[in-house]
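Survey of secondary and tertiary structure
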Amino acid sequence: MLHWVERAKQGDREAFDLIVRRFEAMAYAVAYERLRDSYLAEDAVQEAFAEAFVHLHKLKDAEAFPGWFKTIVIRQCHRFVRRKRHPTVPFDQLTQTIGRQPSVPEIVEKRELHQLLYDSIAALSSNLRVAVQLFYFQGYALQEISAYLGTSVPVLKKRLFDARAKLKGTLPVADFVSVFHQLYEGGKRMLHIVNGDIVAEKLRQGVVQGDILVWREVYPEGPVFTDPAEAANRSVRARYLEQAMGIPSAEFIRISEEQEKVRANFRNYEEIVLWFEHDLFDQTMLCCLLHWFAQQSLGATKLSLLCIGAFPGIELFRGLGQLSVNQMATLSGTWQTVGKEQLELGAIVWEAYCAPEPGKLVQLLEAGDNSALPYVHDAFRLHLSRFPSIRNGLGIVEQTTLEMVRDGMTSPLDLFGHMGNKFHGLGMGDLQYWHRLAKLSQGSHPLLKLEGLNAFPGYKDQTLSFRHSTVALTETGRRVLDGEADWIALNGIDEWYGGVHLQGRSIPWRWDASRSTLVPCLNSRCH
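Now for a quick tour of the structure. Every chain begins its residue count from 1, and numbering advances along the sequence as written. Totals for whole chains, interfaces and linings use all residues, but because this is a predicted model, local features are given only for residues with pLDDT of at least 70 and pairs of side-chain atoms are given and counted only at 80 or more. In computing side-chain properties, one takes all heavy atoms of the structure into account and sets aside hydrogens as well as water.

**Concerning the overall build of the protein**
The helix and strand inventory of the protein stands at 25 helices and eleven strands. Each residue is assigned to one of three classes by its accessible area relative to the maximum for its type, calculated with a 1.4 Å probe on protein chains only: buried under 20%, partly exposed between the two thresholds, exposed over 50%. Per-residue burial over the protein gives 54% buried out of 527 residues. Counting contacts in the protein only where the partners sit at least 6 residues apart, residues at least 24 apart contribute 66% of the total. A total accessible area of about 23,600 Å² is found for the protein, and carbon and sulfur atoms account for 50% of it. For helices the rule is a DSSP run of H or I covering at least 4 residues; for strands it is a run of E covering at least 2, with both sets numbered from the N terminus onward. Any pair of residues with heavy atoms lying within 4.5 Å of one another is described as a contacting pair. Note on areas: these come from Shrake-Rupley sampling with a 1.4 Å probe, and a residue is covered only by the protein chains present in the view.

Structure below.
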């Protein structure tokens, strides 16, 4: 939510529309409590959003937006009260406007019980009634309601408890009363799926409630499959990661099976929240998970997504792991419901990424509508730029590495740091980069010469000599960098780019930087 506010402050209407969708129902509930008229409440909310957009530049702290906007809503309500009072409307008419969450209506099948519930809630005090409406009918998390109303989470929990106690005394149907003990409690029976241990550890420090699953994978490397959980596919991938990056095959298989087992039991949770970032590392993981969930019957389980590419105050945002616990807490509850559009697009992108030919992915990125997942386009375009180029056979990572070495950078650690800053959209980890660096220093015609290095750091292994090693261009490296020779023609290739396996010295696809796209490789253009 915070990055939406920052973008909206710069006049971004699309970002403000996202804010409207997030706070519209909350604002309506608060406005109705004061006006007791559905039409006036709708008008007050519209006026409040218009006022907020005009004056948003005056808001210094994006975190203060919920309370600031609530004040505007209340001020608009006071203006409407001074203008004219309208008669109230039946409570069931209100529920037709704000009752978008199906939980209670699905349970209350008979009309008389339906009406009895609404009448009983209408009889609650204002504080209890608003809490029940926002929490049970709108489905907002307690953290969201707390930020908007300016009421602490413990107080909100007490209000919900008191509301259930009062309803228990007014609703005569025992089975129906028991529903209120089983409804979502804003944090219980939740599963948060995240991309790394650092993020998980911070979430566990009181940021969220529920279970946390760290999804351990590195889909930008090695062979990938539309169904990575299939035993044969997993074995192929395990062998590659062990050979290329030193990840023990048995450990990879064990971790994969354990996390897939947790995911398979998703119906034990009332909500699954996916925490991901803008980069290729995360977007491949996100699309893989969405592909899997798209094939499941979610039932009563709600699937949500928090996916960001920036954070207020951080000039170069590389990932959630940069954020402090307090900064992470501001994101809690701002996730959005994953709908049909996100599931379908995630599934399509994953299948295109895993395909043995890249044509489908190229077409999807150039002509498809990727707006349902706003970071997909840039992340997977950057993936395509990793393919060998028409000019000299180097992908974007190798090309940039040789350029940095030519410009005087000799430390592998410095190379990794600068590469991460320049291409943070890749989300590339150290093991991934060491694999690339090793490739450049190997083969019959190496492009780099490494001195003072016995071995590259491996999985759970720190090689002390690595910190004191240096990198230099070979003469062949200089010629390739200048476009006088082709790396693939000299050394051949055996690499995976998603589901595309390039082998040998004559390959069918190359990256054309001048057109920013992959093109079929013609012999006259590909050495």
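Still to come is the rest of the account.
**Examining the nonpolar core**
Buried Ala, Val, Leu, Ile, Met, Phe, Trp, Tyr and Cys residues form a nonpolar core when they are joined through side-chain atoms within 4.5 Å. Counting residues in each nonpolar core, the largest one holds 87 residues, and the members touching the most others are Ile-193, Ile-272, Leu-274, Leu-303, Phe-380, Phe-387 and Tyr-433. Among the elements that take part in this core, helix H16 (residues 280–294) stands out by supplying ten residues, more than any other. Leave out the neighbours within four places in its chain, and Tyr-433 touches Val-397, Thr-401, Met-404, Pro-412, Leu-415, Phe-416, Met-419 and Met-428. Residues Val-20, Val-30, Phe-65 and Val-130 belong to the second largest nonpolar core, which totals 74 residues.

**A few points about the sheet that holds strand S5 (residues 336–337)**
A strand pair is defined by DSSP finding two or more bridges across the two strands. Ordered in space as S2-S1-S3-S4-S5, the five strands form an open sheet in which the pairing is mixed. Every interior strand has two partners, whereas the edge strands, strand S2 (211–214) and S5, have only one. With seven bridges joining them, strand S3 (residues 271–277) and strand S4 (residues 302–308) adopt parallel strand pairing. Paired with Phe-276 across the strands is Cys-307, a residue of S4. Convention adopted: a line fitted to C-alpha atoms gives each axis, helices being fitted over their contacting stretch, and angles between N-to-C directions are expressed from 0 to 180 degrees. Along the sheet face, H16 touches strand S1 (190–194), S3 and S4 and points at about 155° away from the line of S3.

**Some points on helix H20 (residues 376–384)**
Listed in full, the buried residues belonging to H20 are Val-376, Ala-379, Phe-380, Leu-382, His-383 and Leu-384. Turning to H20, the residues buried within the fold contact H16, helix H18 (340–354), helix H19 (359–367), strand S8 (493–497), strand S10 (509–512) and strand S11 (517–520).

**Some words on unusual backbone geometry**
One can expect most non-glycine residues to show negative phi and most peptide bonds to be in trans. Phi at Ser-516 is positive, roughly 55°, even though this residue is not glycine. Mapped onto the elements of the fold, Ser-516 is located in the loop between S10 and S11. Since its relative accessible area comes to 31%, Ser-516 is described here as partly exposed.

**Brief notes about a negative patch on the surface**
Taken together, the side chains of Glu-24, Glu-42, Asp-43 and Glu-47 make up a negatively charged region of the molecular surface. Counting residues per element, the negative patch draws most heavily on helix H3 (residues 38–55), which supplies three residues. Along the chain, Glu-47 falls in helix H3. Glu-47 sits in the partly exposed class, given a relative accessible area of 39%. Exposure above 30% relative accessible area and the lack of any salt bridge qualify a residue for a patch; like charges then connect within 9 Å, and the nonpolar side chains Val, Leu, Ile, Met, Phe, Trp and Tyr within 5 Å. The working definition used for a salt bridge is a side-chain nitrogen of Lys or Arg within 4 Å of a carboxyl oxygen of Asp or Glu. Two residue types count as positive, namely Lys and Arg, and two as negative, namely Asp and Glu; His and chain ends fall outside the count. Every charge is mapped to an atom, namely NZ of Lys, CZ of Arg, CG of Asp or CD of Glu.

**Some points on the pairing of S3**
The element S3 is largely enclosed, with a buried count of seven among its seven residues. Burial of the side chains of S3 extends over both faces: Glu-271, Val-273, Trp-275 and Glu-277 are buried on one face and Ile-272, Leu-274 and Phe-276 on the other. With four bridges joining them, S1 and S3 adopt parallel strand pairing. Note that in S3 the partner of His-192 across the bridge is Val-273.

**Examining the environment of Gln-336**
With respect to the element layout, Gln-336 can be found in strand S5. In the structure, Gln-336 is positioned 63 residues away from Val-273 in sequence and 8.9 Å away in space, judged by C-alpha atoms. Gln-336 has contacts with Trp-4, Arg-22, Leu-303, Ser-304 and Leu-305, leaving out every residue within four places of it along the chain.

**Some words on the pairing of S10**
Of the two faces of S10, the one lined by Trp-509 and Trp-511 and the one lined by Arg-510 and Asp-512 are each fully buried. Two strands pair when backbone bridges link them, and S10 and S11 are joined in this way by four bridges, in the antiparallel orientation. Residue pairing across strands places Asp-512 opposite Thr-517, the latter belonging to S11. In sequence, S10 turns back onto S11 through a hairpin of four residues, with Ser-516 there showing a positive phi of about 55°.

Everything listed is a geometric property; what it means functionally is a separate question.
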